[in-house]
Amino acid sequence: MSLTAGIVGLPNVGKSTLFNAITKKNILAENYPFATIDPNVGVVTVPDKRIDELAKMYNPNKVIPTAYEFTDIAGLVKGASAGEGLGNKFLSHIRETDAICEVVRCFDHNKIIHVEGNVDPIRDIETINLELAIADLDIVNNRLEKVTKKARTSKDKNDLLEVEALEKAKTSLENNIPLRLVDYTEEEKLILKSYSFLTLKPIIYLTNISEEEIATEDNEYVKQVKEYAKLENAKVVKLCAKLEEDLSSLEDEEKQEMLDALNIETSGLDQLIEATYDLLGLATYFTVGKDEVRAWTFKKGMNAKKCAGIIHTDFEKGFIKAEVMSYEDLIQYGSELKVKENGRARLEGKEYLMQDGDICHFRFNV
């Protein structure tokens, strides 16, 4: 299951530095706007201690954790929706992602240029969010003009429903309300999904702080972002992009030593990955064996048959049953045999809703 989170923000807020940490790639991260022209895509693994424990138990030839993509998108500026900077190109890259991670600068530094001249996180957030809303409104208006004429003539139920959904979206956007905060019916959601609206995507705000403030209480900038995020019921992750870049070059043991020295339990990057994974409504099931221990990403609410199809379409087409046990039971009893002896292994049908941490073997016949 290929899913992508896009990292956005104004120029020089720390996006590319953070992306270097995420993917351990040395992309261009310079102190001037538009250092990143084309989107950079990197695959990250989701931190999950469960797969480490399963690897110890099975000692497989291969261990494959679950992963998804982060895309670093070049800095947006005021007027991007009208093509300012390299706006239209960047907006199209954001449209291809499943979620938005908006980096917000929350530190002062007289040697790092801010595109607006001074640090003001709420202004920066509103600048970007307004550009996304204007871009969406342009699509809504163009489509409304066409579908309204069609609906008047055809009186088609689907056309009329699309007009209604788009009118609701237009009203929201004109009042600077992102589409993700609007209460839509399931039918309306289905209609709007096809447009890949920017403001319909779930969002996380990443407050980028200085190295000196890592182990301190939230500064005033971070507090402002958290208050703003409450209004949207959005998540906030506080991190120092420079520290995360430094940590990414260390081995696990050295990384933990540095975190301990700074009195930090979890790196900001791990928090970001976990938060984004949760934001996208994802969960993990496992397949295990001597050859391979593997984690598979699925959308919460998917049934066993659909989850089987993530491995291979033949698994879904010829689905018979799923042999399922929970990770907790396997760890508690110590082996598959013991799980079965204690009546904790199950045979589930195609409508079984997969749970996070399920360990599965699919029976199928094609």
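Residues numbered from 1 in each chain as written. Predicted model: local features only at pLDDT ≥ 70, side-chain atom pairs only at ≥ 80, totals over all residues. Heavy atoms only, no water.

1. Focus on the overall build of the chain
In terms of helices and strands, the chain carries 14 helices and twelve strands. Across the 366 residues in the chain, those meeting the buried criterion constitute 49%. In the chain, the share of contacts with a sequence separation of at least 24, taken over all contacts with a separation of at least 6, comes to 69%. (Helix = DSSP H or I, 4+ residues; strand = E, 2+ residues; numbered from the N terminus. Buried < 20%, exposed > 50% of the residue type's maximum accessible area, 1.4 Å probe, protein only. Contact = heavy atoms within 4.5 Å.)

2. So, the packing of helix α4 (residues 121-154) against helix α7 (residues 220-232)
At their nearest, the axes of α4 and α7 sit 9 Å apart, and the two run at 40° to each other. Relative to α7, the element α4 lies oblique. Along its contact with α4, which presents Pro121, Ile122, Ile125, Glu126 and Asn129, the element α7 presents Tyr221, Gln224, Val225, Tyr228 and Glu232. A per-class count over the contact of α4 with α7 returns six nonpolar, two polar and two charged. (Axes fitted to C-alpha atoms, helices over the stretch in contact; angles between N-to-C directions. Parallel < 35°, antiparallel > 145°, perpendicular 65-115°, else oblique. Nonpolar A, V, L, I, M, F, W, Y, C, P; charged D, E, K, R; others polar.)

3. A word on the pattern of salt bridges
For the coordinates displayed, the defined rule picks out 24 salt bridges. Glu292 is the partner of Lys62 in a salt bridge, and the nearest nitrogen-oxygen pair spans 3.6 Å. Placement of Lys62 in strand β3 (residues 62-64) and of Glu292 in strand β9 (residues 292-299) is noted, with a sequence separation of 230 residues between them. Lys62 sits in the partly exposed class, given a relative accessible area of 42%. As a salt-bridge pair, Lys300 and Asp278 come within 3.4 Å of each other at their nearest N and O atoms. (Salt bridge = Lys/Arg side-chain N within 4 Å of Asp/Glu carboxyl O.)

4. A few points about the environment of Asp156
Looking at the secondary structure, you find Asp156 in the loop between α4 and α5 (157-174). Within the structure, Asp156 has its side chain in polar contact with the backbone nitrogen of Asn158 (distance 3.0 Å). (Polar contact = N/O pair within 3.5 Å; in protein donor to acceptor, adjacent residues only side chain to side chain.)

5. Considerations on the state of the cysteines
Tallied over the full model, the rule gives zero disulfides. We note that Cys307 lacks a disulfide partner, and the nearest cysteine sulfur, in Cys360, lies 7.4 Å from it. (Disulfide = S-S within 2.5 Å.)

6. Looking at the side chain of Thr97
Looking at the element boundaries, Thr97 is found in the loop between α3 (87-95) and β5 (99-105). When its relative accessible area of 4% is taken as the criterion, Thr97 is described as buried. Only 3.4 Å separates the side chain of Thr97 from the backbone oxygen of Ala99, close enough to count as a polar contact.

7. Notes on the packing of aromatic side chains
For the structure shown, the criterion picks out seven aromatic pairs. An angle of 20° between the planes, with centres 6.5 Å apart, marks the rings of Tyr285 and Trp296 as stacked. On the criterion of sequence distance, the pair formed by Tyr285 in strand β8 (residues 282-287) and Trp296 in strand β9 is long-range, its members being eleven residues apart. Aromatic rings pair up to connect Tyr285, Trp296, Phe298, Phe319 and Phe362 into one cluster. The positively charged end of Arg294 is found above the aromatic ring belonging to Trp296, 4.0 Å away from the centroid. (Phe/Tyr/Trp six-rings, centres within 6.5 Å; stacked < 30°, edge-to-face > 60°. Lys NZ or Arg CZ within 6 Å of the ring centre and 35° of its normal.)

8. Structural notes on unusual backbone geometry
For Lys155, which is not glycine, the phi dihedral falls at a positive 60°. With relative accessibility at 59%, the residue Lys155 sits in the exposed group. With a phi angle near 55°, Asn233 is a residue other than glycine that sits in the positive phi range. Position of Asn233 relative to the elements: it lies in the loop between α7 and β7 (235-239). Residue classification places Asn233 among the exposed residues on the basis of a relative accessible area of 74%.

9. Digging into α7
Between its first and last C-alpha, α7 extends 19 Å over 13 residues, near the 18 Å set by a 1.5 Å rise per residue. What α7 keeps buried is the set Tyr221, Val222, Val225, Tyr228, Ala229 and Glu232. Taken end-on, α7 shows its buried residues confined to a sector of 125°, consistent with a single buried face. Relative to its buried face, α7 has exposed residues pointing more than 90 degrees away, namely Glu220, Lys230 and Leu231. Of the surrounding secondary structure, the elements contacted by the buried residues of α7 are β5, α4, β6 (203-208) and β7. Residue Asn219 occupies the N-cap position of α7, its side-chain oxygen lying 3.0 Å from the main-chain nitrogen of Tyr221. Backbone geometry just after α7 places Asn233 at a positive phi near 55°. (Expected span 1.5 Å × (residues − 1). Arc of directions from axis to C-beta.)

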